[in-house]
Amino acid sequence: MTRFSGKSVIVTGSSNGIGRATAVLFSRYGAQVTITGRDSERLEVTKEKMLKAGALPQNINLVVANLTDPNGQDHIIQSTLKAFGKIDVLVNNAGANIFDGTLNTDQSIEIYQKTFQINFQSVVEMIKKTKEYLIKTKGEIVNVSSTVAGPQAMPMAPYYASAKAALNQYTRCVAIDLIQYGVRVNSVSPGIVESGFMSAQGFPDELQQKFLTFFASRKECIPAGVCGKPEDIAELIVFLSDRKRSSYIIGQSIVADGGSTLVAGMHAHDLHDMLGL
Ligand code: NDP
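Keep in mind the model is a prediction, meaning the values are calculated, not measured.

Undergrad: I keep staring at the pattern of salt bridges and nothing clicks. Help me out?
TA: Under the criterion given, the structure shown has nine salt bridges. The residue D39 makes a salt bridge to R42 at a minimum N-O spacing of 3.6 Å. A residue is classified by how much of its surface remains accessible, and D39, at 26% relative accessible area, is partly exposed. The partly exposed category is assigned to R42, whose relative accessible area is 37%.

Undergrad: I tried to follow the packing of aromatic side chains on my own but got confused; where do I start?
TA: Aromatic ring pairs are defined here through the distance separating the ring centres and the angle between the ring planes. Tallied over the full model, the rule gives ten aromatic pairs. Aromatic side chains F4 and F26 sit 5.0 Å apart centroid to centroid with 85 degrees between the ring planes, which places their arrangement in the edge-to-face category. In this pair, F4 is assigned in the segment before strand 1 (8–12) and F26 in helix 1 (residues 17–28), connecting sequence segments 22 residues apart. Taken individually, F4 and F26 each receive the classification buried, so the pair is uniform in this respect. A centroid spacing of 6.4 Å and a plane angle of 45 degrees characterise the contact between F4 and Y29, whose relative ring orientation is tilted.

Undergrad: What exactly am I supposed to notice about a nonpolar patch on the surface here?
TA: Together, L271, M274, L275 and L277 make up a nonpolar patch on the protein surface, roughly 460 Å² of accessible area in all. With respect to the helices and strands, L275 occurs in helix 9 (residues 271–275). With a relative accessible area of 53%, L275 lands in the exposed category.

Undergrad: What am I meant to see in the pairing of strand 5 (residues 140–144) here?
TA: Of all five residues in strand 5, five are buried; the element is thus mostly enclosed. What you see with strand 5 is no split at all: E140, V142 and V144 on one side and I141 and N143 on the other are buried throughout. The sheet contact formed by strand 4 (residues 89–92) and strand 5 spans four bridges and is parallel. Looking across to strand 5, one finds that L90 is bridged to I141. In terms of strand pairing, strand 5 meets strand 6 (residues 184–190) through five bridges, oriented parallel. Pairing of V142 across the sheet is with N186, part of strand 6.

Undergrad: How do you make sense of unusual backbone geometry when you look at a structure like this?
TA: The phi torsion of most residues other than glycine is negative, and most of the peptide bonds are trans. Cis geometry is found at the peptide bond from G150 to P151, where omega equals 15 degrees. Within the secondary structure, P151 sits in the loop between strand 5 and helix 5 (158–179). A positive phi angle, near 55 degrees, is found at N104, a position not held by glycine. Along the chain, N104 falls in the loop between strand 4 and helix 4 (109–137). Even without being glycine, K138 reaches a positive phi, approximately 50 degrees. With respect to the secondary-structure elements, K138 resides in the loop between helix 4 and strand 5.

Undergrad: What's the story with the side chain of Q32 in this structure? I'm lost.
TA: Relative to the helices and strands, Q32 resides in strand 2 (residues 32–37). Discounting residues that sit within four places of it in the chain, Q32 has contacts with G6, K7, S8, V9, N59 and F84.

Undergrad: I keep staring at the site of the ligand and nothing clicks. Help me out?
TA: Every one of the 30 residues lining the ligand counts as a neighbour, but S15, R38, N93, Y160 and S195 are closest to it. One nitrogen or oxygen atom from the main chain of N93 is found 2.7 Å from an oxygen atom belonging to the ligand. Within the contact set of the ligand, an oxygen atom lies 2.8 Å away from a backbone nitrogen or oxygen of G196. Coverage of the ligand by the protein amounts to 94% of the 890 Å² it exposes when considered alone. Elements with a contribution of two residues or more to the shell around the ligand: helix 1 and helix 5. Residue composition of the shell around the ligand, by class: eleven nonpolar, 15 polar and four charged.

Parameters and conventions
Residues numbered from 1 in each chain as written. Predicted model: local features only at pLDDT ≥ 70, side-chain atom pairs only at ≥ 80, totals over all residues. Heavy atoms only, no water. Salt bridge = Lys/Arg side-chain N within 4 Å of Asp/Glu carboxyl O. Buried < 20%, exposed > 50% of the residue type's maximum accessible area, 1.4 Å probe, protein only. Phe/Tyr/Trp six-rings, centres within 6.5 Å; stacked < 30°, edge-to-face > 60°. Helix = DSSP H or I, 4+ residues; strand = E, 2+ residues; numbered from the N terminus. Patch = residues over 30% accessible without salt bridge, like charges linked within 9 Å, V, L, I, M, F, W, Y side chains within 5 Å. Areas by Shrake-Rupley, 256 points an atom, 1.4 Å probe, with all protein chains shown as cover. Pairing = 2+ DSSP bridges. Contact = heavy atoms within 4.5 Å. Near = heavy atom within 4 Å. Polar contact = N/O pair within 3.5 Å; in protein donor to acceptor, adjacent residues only side chain to side chain. Nonpolar A, V, L, I, M, F, W, Y, C, P; charged D, E, K, R; others polar.

Shown next as C-alpha cells:
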C-alpha cells in the first residue's frame, strides 16, 4: 500500500508546471489521477512522466478541457467518476496571469474578466460541482493561490493579484463551511516558480531566464537565492491533500517562496557599507 493508493485525485492545470509535478508525485504515491488542461500534447508529456513514476495506465484519466467552460468542468468531473468511481482530492491549480502588454490600471475590463474567470470563478464552480462527491469521501481540496495575493501590493498585475486575494478569502470561507461535513480545504501560496507561467503570457525563453535570474540574484527579492521549482510546490500540495499528515490544518494558505514575503529590502544593505564603518 502506498500513501494514496485507492484515492481518486483531480489536478487541474496538469499539462504543465506545478500541476504536472503534482500529478507525477501523486502517481508516485499510487493515486488514481485525472490530469487536465487545454493542450493535449502537453498532457501526453505529463502522462509519460506519471508512467515513469510508476503509475498504472488505468490510474491515469486524461481530459482535454477548458476550465472556464462549464461543459469542460462537467467533463472533468464526470469522466473522473466514470474512471475511478469517486473523488477524494480536488487540486484547483490551473491559473494564469492574462497578459496583453498592458500593466497596472491600464489593463482592460476584458483582461479583468478573463483573469477572474480562470483564477477565481473556475475554482468556485469546481468546488460547487464536486462538493457532493467530496462530502461522500470526506475528501480534501487544495487551491493554488500566490504570494501576489498580498498583503504587499502587486501594482503591475492588479487583477491577477486581486483574483488570488479573493481565492484566499474564499478558501477560508469554504473551509469553515465544508469542515462540518468532514471536507478539508486549504491553499498553497507559491512565490516565483520556474514553470510555463511566463510562456503562457507570451514571453520568449530568453526573457524568462532574464526575469528569473534577476530575482534569484537579489536577496531583497528572494533571500533563498533561487527560484522555486514546481516539485517544491507539489510536495506541499500533496502534504495538504494527505489527511494523515495535515488533518489539523484548515483554511490556511501555506507560503512557499524562498523567504520573499518576509523581506522589505532593508536587510540587503550591509550596515558596514552603509555607514562606512
Ligand atoms: P503553467 O503555465 O506552467 O501551468 C498552468 C496550467 O494551468 C497549465 O497546465 C494550463 O493548461 C492550465 N490552464 C490555464 N488556463 C486554463 C484554462 N482556461 N483551462 C484549463 N486549464 C488552464 O503555470 P504554473 O504551473 O506556474 O501555474 C500553476 C498555478 O500556480 C497557477 O494557479 C498560478 O497562478 C500559480 N502560481 C504560479 C507562480 C509562478 O511563479 N509560476 C507563482 C504563484 C502562483 P493549458 O495551457 O494546457 O490549458
